[in-house]
Protein chains: 2
Amino acid sequence: MVHITRRSMLAATAIAGASAATGAKTTGRRPYRRIATEEGFLSPAVLAQNAKTHIPGVPLITSEGPSSLVARTLLDLDGGRLSAMDADGIDMQLLLLSSPGVQVFERSTAVALAADANDYAAAACKRHPTRFAALAAIAPQDPAAAARELERATRTLGLKGGIINSHTFDHYLDEQSFWPIFEAAEALDVPIYIHPREPATGMREIMSGPVAGGPAWAYGVEVGTHILKLISAGVFDRFPKLRIVVGHMGEALPFWLPRIDNRYVAMRAGMFGGAKPMQRMPSDYIRENLWVTTSGMNYWPQLRMTLDVLGRDRVLYATDYPFEKQGEAVGFVEAMPLGAADKKALFEDNAVKLFGLTR
Amino acid sequence: MVHITRRSMLAATAIAGASAATGAKTTGRRPYRRIATEEGFLSPAVLAQNAKTHIPGVPLITSEGPSSLVARTLLDLDGGRLSAMDADGIDMQLLLLSSPGVQVFERSTAVALAADANDYAAAACKRHPTRFAALAAIAPQDPAAAARELERATRTLGLKGGIINSHTFDHYLDEQSFWPIFEAAEALDVPIYIHPREPATGMREIMSGPVAGGPAWAYGVEVGTHILKLISAGVFDRFPKLRIVVGHMGEALPFWLPRIDNRYVAMRAGMFGGAKPMQRMPSDYIRENLWVTTSGMNYWPQLRMTLDVLGRDRVLYATDYPFEKQGEAVGFVEAMPLGAADKKALFEDNAVKLFGLTR
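Anyway, here's the lowdown on the structure attached to this text. Quick caveat: nothing in here was measured; it's all calculated off a predicted structure. (Residues numbered from 1 in each chain as written. Chains lettered and ligands numbered in written order. Predicted model: local features only at pLDDT ≥ 70, side-chain atom pairs only at ≥ 80, totals over all residues. Heavy atoms only, no water.)

Here's the deal with helix α7 (residues 179-188) of chain A
All names here are of chain A.
Moving on, step 1. Restricting attention to buried positions, one finds in α7 the residues Trp179, Ile181, Phe182, Ala184, Ala185 and Leu188.
Moving on, step 2. Of the surrounding elements, those touching the buried residues of α7 are α6 (143-156), β5 (162-164), β6 (192-194), α9 (218-233), α10 (235-238) and β7 (244-246).
Moving on, step 3. Following α7 by one or two positions, aspartate 189 adopts a phi angle in the positive range, close to 60°. (Buried < 20%, exposed > 50% of the residue type's maximum accessible area, 1.4 Å probe, protein only. Helix = DSSP H or I, 4+ residues; strand = E, 2+ residues; numbered from the N terminus. Contact = heavy atoms within 4.5 Å.)

Here is the structure:
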């Protein structure tokens, strides 16, 4: 039995350091590329708009104050980032506009800044085509414009899908007014990544503090809840080929999966006030329409459980750079007792297939 | 790799049936007793009061209507329940007043009905001392009375700890006004079981529907959030010997544990708006003050992960009778590749030690 103590985590960190260094030295000789699929960036225009935006309980990254260092790291899509990737043994990053993206801005500002951020990311992908791919920022505030931008960004700019940071002004994507975005994603055959942010008003006040609030717990609850709302609203009945991606080892959905089915069946039979039957079982939607990445959760007991529950074709490596330590995360995974084919699927094959990466 | 498909769950259910039957026939020859540690009951007085109580979004069990069958099952602490335990291979049930207990009633009613429910459970334990033990219902609406009832129920009636169904009229136990309950539990050296109910106002409206709401997801979020609020409020600094128990495989806390530490450290260093330092790491509190039961989550990938993360001394078997199928749950566990000592710890030893069971 493996007890994850702080001592063993430190040992794993030490392994991580060694392994990452080795990884960097042997680039090209590994039997797989290491592709990281939830890596943050910011555009200069979004960074400037963040400074003008104030929402209680929602910290935004700005170029001044305590977040200025991470802001500089997020802006850099050239030398500094490439050096870090080389040192940490990451071959390619899939870039996502850092949370909450444009979703906290007024509608027309959000639409314009999403397009600008996509141009910024696309230019970096063009400069470094073997090192970067990107997802398209979109503004759910204007679903029709978001659908058009998803098409422009993927067809014209070559981006690989869309990214939405959960709720937008407390509205979730189970509301049908947002469904033109899903319709476009299905028609374009590109995935939508649903990334965390602070929970909506009502949840946010309860999930407060350093461990119940923020990325330690509340972010995962926010996205897991969001996915389950999409399922019960019938999003995947309406758009059966829609592909949704979530990070953080599936935001605890793999942990709860058999219970979700079990309690749904009990409720459908009348328990706990009853439930309206859905077309398929909850786990059917999750197994067929959901992919998960390991961002911020590169721990063996959790990964092994997730592979057991979802199978190795559904789990992709991610770091969550620069918020997590890239070399440490690579080292954690390299130290795991995974077979060569499992590692290749996790680090490369699943990302290539899901996001249509060609290089 | 084990894929949990519905087919394999059905196979496991078939094993469960066989194993449970075998278990019943071989009672006394197993190298351990099977003790189930989160098993529901209702007192006649609480059942009657439920019928007079109406809270939007909070279904209560009553003796009329769709919940009448489960109501009869919950009232029965004699023949029918004992027969079911024999058939399913359960030697002893630890009885908990069914959620939300007395916590939805007016203060003086709640105080009186908690005491009455404890008398009802204690009488059953006296009639069947080798088959039942029980936790004490208490009314957090009146913390001083709850502390006194915890003392009476454990010292005079012989109950084994207390049960609280998460929030009380939207108030969580991190508020210091409730801490006389924790002070009493620590002084009496008895554990407090924190059991789910519908989330507080604000969360409940968002976590709605058959899979985001209720026991499929929202209940776990409710209790996991509650535990993390206790940690950051300093409950375990003030009461370092306090023992808290949660069901449902730890309400996803074992899944998130390394990330909770990791993000707390990042926030303490200034990320995401910063965090006030706590006396110990979040996982220290969870490893030293928390025990978990498997109620409703008797699935191997999830149990293996939890054993890896928390160690085998912290995980206790539970069914959640009558809301879960007792024989099926026993069969799931008996079919797991656990060693004899692991099974004895899970089914018997940890429960005996944690709750001070003597028979």
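After that view, the rundown keeps rolling.
What to know about the relation of the copies chain B and chain A
Moving on, step 1. Of the transformation superimposing chain B on chain A, the axial component is 0.0 Å and the angular component is 180°, with the fit at an RMSD of 0.0 Å. Both chain copies can therefore be described as sitting about a two-fold axis. For chain B, the minimum C-alpha distance to the rotation axis belongs to Gly202(B) and amounts to 1.9 Å.
Moving on, step 2. Taken as a fraction of all interface residues of chain B, those also at the interface in chain A reach 100%, which identifies the copy contact as same-surface. (Least-squares fit on C-alpha atoms with pLDDT ≥ 70 in both.)

What to know about the layout of surface pockets
Moving on, step 1. Taken as a whole, the largest pocket encloses approximately 1200 Å³ of empty space.
Moving on, step 2. Residue assignment for the lining of the largest pocket shows that the elements contributing at least two residues are α1 (6-25), β1 (35-41), α3 (68-75), β2 (92-97) and α15 (326-334) of chain A together with α12 (253-268) of chain B.
Moving on, step 3. Among the elements that make up the lining of the largest pocket, the one with the highest residue count is α12(B) (six residues).
Moving on, step 4. By residue class, the composition of the lining of the largest pocket is 24 nonpolar, 14 polar and 12 charged.
Moving on, step 5. Taken together, 36 residues form the lining of the second largest pocket, with Met271(A), Phe272(A), Ile61(B), Val70(B) and Phe323(B) sitting closest to its centre.
Moving on, step 6. Among the elements of the structure, α12 (253-268) of chain A together with β1 (35-41), α3 (68-75) and β2 (92-97) of chain B are those that each provide at least two residues to the lining of the second largest pocket. (1 Å grid on protein atoms, 1.4 Å probe; cavity = no way out; pocket = protein on both sides within 12 Å on 5 of 7 lines; lining within 4 Å. Points joined across faces, edges and corners; volume = space filled by probe spheres on them. Nonpolar A, V, L, I, M, F, W, Y, C, P; charged D, E, K, R; others polar.)

Quick look at the interface of chain B and chain A
For interface size, the figure often reported is the accessible area lost on association.
Moving on, step 1. Counting residues at the interface gives 74 residues for chain B, matched by 74 residues for chain A.
Moving on, step 2. It is Trp217(B), Phe255(B) and Arg259(B) in chain B that bury the most area against chain A; as a group they hold 12% of the surface buried on that side.
Moving on, step 3. Viewed at the interface, chain A and chain B are joined by six salt bridges.
Moving on, step 4. A salt bridge links Asp308(B) to Arg304(A); the shortest N-O distance between them is 2.6 Å.
Moving on, step 5. Taken together, chain B and chain A are joined by 20 residue pairs in polar contact (both at pLDDT 80 or more).
Moving on, step 6. For the side of chain B that touches chain A, the secondary-structure elements that each account for two or more residues are α1 (6-25), α8 (203-206), α9 (218-233), α11 (248-251), α12, α13 (282-289) and α14 (300-310) of chain B.
Moving on, step 7. Class assignment of the residues belonging to the side of chain B that touches chain A gives a composition of 44 nonpolar, 16 polar and 14 charged. (Buried area = accessible area lost by both parts, 1.4 Å probe. Salt bridge = Lys/Arg side-chain N within 4 Å of Asp/Glu carboxyl O. Polar contact = N/O pair within 3.5 Å; in protein donor to acceptor, adjacent residues only side chain to side chain.)

Remarks on the pattern of salt bridges
Residues and elements named next belong to chain B.
Moving on, step 1. In the structure shown here, the tally under the stated rule is 36 salt bridges over all chains.
Moving on, step 2. The partner of arginine 107 in a salt bridge is aspartate 142, and the shortest N-O contact between them spans 3.9 Å. A residue pair is termed long-range when its members are at least 10 positions apart, and arginine 107 in helix α5 (residues 107-127) and aspartate 142 in the loop between β4 (136-137) and α6 (143-156) qualify at 35 residues.
Moving on, step 3. Look at aspartate 142 and you get buried, because its relative accessible area is 18%.
Moving on, step 4. Here aspartate 189 makes a salt bridge to arginine 243, at a shortest N to O gap of 3.2 Å. Here aspartate 189 is found in the loop between α7 (179-188) and β6 (192-194), whereas its partner arginine 243 is found in the loop between α10 (235-238) and β7 (244-246), with 54 residues between them in sequence.

As for the packing of aromatic side chains
Moving on, step 1. Counted under the stated rule, the structure contains 15 aromatic pairs over all chains.
Moving on, step 2. Members of the aromatic cluster, each reached through a chain of ring pairs, are Phe255(A), Trp256(A), Phe255(B) and Trp256(B).
Moving on, step 3. Taking the ring centre of Trp291(A) as reference, the NZ or CZ of Arg314(A) above it sits at 3.8 Å. (Phe/Tyr/Trp six-rings, centres within 6.5 Å; stacked < 30°, edge-to-face > 60°. Lys NZ or Arg CZ within 6 Å of the ring centre and 35° of its normal.)

Points about the sheet that holds β1(A)
Residues and elements named next belong to chain A.
Moving on, step 1. The three strands are arranged β1-β2-β3 in an open sheet whose pairing can be described as parallel. Each edge of the open sheet carries a strand with a single partner, namely β1 and β3 (132-134). The average undirected angle you get between the axes of adjacent strands in this sheet is 35°.
Moving on, step 2. This element, helix α4 (residues 79-88), spans β1, β2 and β3 of the sheet and lies at about 135° to β2.
Moving on, step 3. Here helix α16 (residues 340-355) sits on the sheet and contacts β1 and β2; the angle it forms with β1, its principal contact strand, is near 65°. (Pairing = 2+ DSSP bridges. Axes fitted to C-alpha atoms, helices over the stretch in contact; angles between N-to-C directions.)

A few points about the side chain of Glu39(A)
All names here are of chain A.
Moving on, step 1. As for its placement among the helices and strands, glutamate 39 is situated in strand β1.
Moving on, step 2. The side chain of glutamate 39 is buried and forms no salt bridge, while arginine 81, the nearest opposite charge, is found at 6.5 Å.
Moving on, step 3. At a separation of 2.9 Å, a polar atom in the side chain of glutamate 39 contacts the main-chain amide nitrogen of threonine 319.
Moving on, step 4. Only 2.8 Å separates the side chain of glutamate 39 from the backbone nitrogen of tyrosine 321, close enough to count as a polar contact.
Moving on, step 5. Those residues in contact with glutamate 39 that lie beyond four places of it in its chain are Gln93, Leu94, Leu95, Leu96, Ala318, Thr319, Asp320 and Tyr321. (Lys, Arg positive; Asp, Glu negative; His and termini not counted.)

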